[in-house]
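A structural walkthrough
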Amino acid sequence: MTETETATRLIAAAREAAAHAHAPYSRFAVGAALLMADGSLVTGANVENASYGLSLCAETVAIATASAAGRLRDVVAVGVIGGAMDPAGRATGVTPVSPCGRCRQVLNEAAQLGGRDLVVHCGAAEGDAIATYRLSELLPQAFGPADLGIG
Ligand code: THU
């Protein structure tokens with residue numbers, strides 16, 4: 001699969017995942033899809049909480065799901081989409097979203113563990129726009145396990 005095909009696959013999966021966002025407070029649905037080393041996908045959507053600050057981002061949920069399956073070291077690439085929800089709860093909008101700062105750090109743990117600089121595809125809820133980065137571009141000079149003398 002070419003990188004463009006992989007990006008399209010990950011963004012499609014992230015859009016499907018966003019359908020399961022629990023985002024009644026922000027009404028901003030986010031979906032994330034992780035490409036694993038064996039070609040399979042792990043997905044997540046944001047999970048908000050009535051105590052707003054406890055909300056979980058889509059990328060963090062996807063990483064936690066991969067970790068719970070013993071697969072944190074197997075993440076290769078990420079796709080993320082997000083957008084304001086319409087009255088039916090579907091994400092809308094044509095502007096690509098990129099992972100928040102906390103999610104970049106969470107993704108970095110998987111990247112370091114697997115020894116890979118993750119490819120991060122940022123898409124929109126609707127439309128074809130995709131911006132592709134390396135995690136090292138999004139989180140330069142990252143703090144990681146090596147700073148703790150590990151790995
Ligand atoms: N959100 C994510 O899920 N991922 C990000 O990278 C940015 C923000 C969620 C958190 C909150 O539920 C909603 O988007 C609005 O900030």
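Residues numbered from 1 in each chain as written. Predicted model: local features only at pLDDT ≥ 70, side-chain atom pairs only at ≥ 80, totals over all residues. Heavy atoms only, no water.

**Re helix α3 (residues 101-114)**
- With 14 residues, α3 extends 20 Å from end C-alpha to end C-alpha; this agrees with the ideal 20 Å at 1.5 Å per step.
- Residues of α3 that are buried include every one of Cys-103, Arg-104, Leu-107, Asn-108, Ala-110 and Ala-111, and no others. On an axial view of α3, the arc spanned by its buried residues comes to 165°, and they lie on one face.
- Among the structural elements, β1 (28-36), α2 (58-68), β3 (75-84) and α4 (135-138) are those in contact with the buried residues of α3.
- Phi turns positive, to about 70°, at Gly-115, one or two residues after α3. (Helix = DSSP H or I, 4+ residues; strand = E, 2+ residues; numbered from the N terminus. Expected span 1.5 Å × (residues − 1). Buried < 20%, exposed > 50% of the residue type's maximum accessible area, 1.4 Å probe, protein only. Arc of directions from axis to C-beta. Contact = heavy atoms within 4.5 Å.)

**Here we look at unusual backbone geometry**
- Even without a glycine there, the phi angle at Arg-27 is positive, about 50°.
- Within the secondary structure, Arg-27 sits in the loop between α1 (3-18) and β1.
- In this structure, Gln-141 is a non-glycine residue whose phi angle is positive, near 55°.
- Structurally, the position occupied by Gln-141 is in the segment after α4.
- The exposed category is assigned to Gln-141, whose relative accessible area is 79%.

**Examining α1**
- Under the 1.5 Å per step criterion, the end-to-end length of α1 is 22 Å for 16 residues, consistent within 8% with the ideal 22 Å.
- Three or more residues of α1 are buried, namely Thr-6, Ala-7, Leu-10, Ile-11, Ala-13, Ala-14, Ala-17 and Ala-18. Buried residues along α1 cover an arc of 165° about the axis, so they all sit on one side. Exposed and oriented more than 90 degrees from the buried face of α1 are Thr-4 and Glu-16.

**Quick notes on the nonpolar core**
- Core analysis: the biggest nonpolar cluster contains 22 residues, and Leu-34, Met-36, Ile-63, Val-75, Leu-107, Leu-118 and Leu-135 have the highest contact counts within it.
- When contributions to this core are tallied by element, the ones reaching two or more residues are β1, α2, β3, α3, β4 (119-123) and α4.
- If sequence neighbours within four positions are ignored, Ile-63 has contacts with Leu-34, Leu-72, Val-75, Val-106, Leu-107 and Ala-110.
- One finds Ala-13, Ala-33, Ala-77 and Val-119 within the second-largest nonpolar core, a separate group that totals eleven residues. (Core = buried A, V, L, I, M, F, W, Y, C linked by side-chain atoms within 4.5 Å.)

**Considerations on a nonpolar patch on the surface**
- A cluster of nonpolar side chains, Phe-143, Leu-148 and Ile-150, forms an exposed patch at the surface whose accessible area comes to about 330 Å².
- Here Ile-150 is to be found in the segment after α4.
- You can call Ile-150 exposed: its relative accessible area is 51%. (Patch = residues over 30% accessible without salt bridge, like charges linked within 9 Å, V, L, I, M, F, W, Y side chains within 5 Å. Areas by Shrake-Rupley, 256 points an atom, 1.4 Å probe, with all protein chains shown as cover. Salt bridge = Lys/Arg side-chain N within 4 Å of Asp/Glu carboxyl O.)

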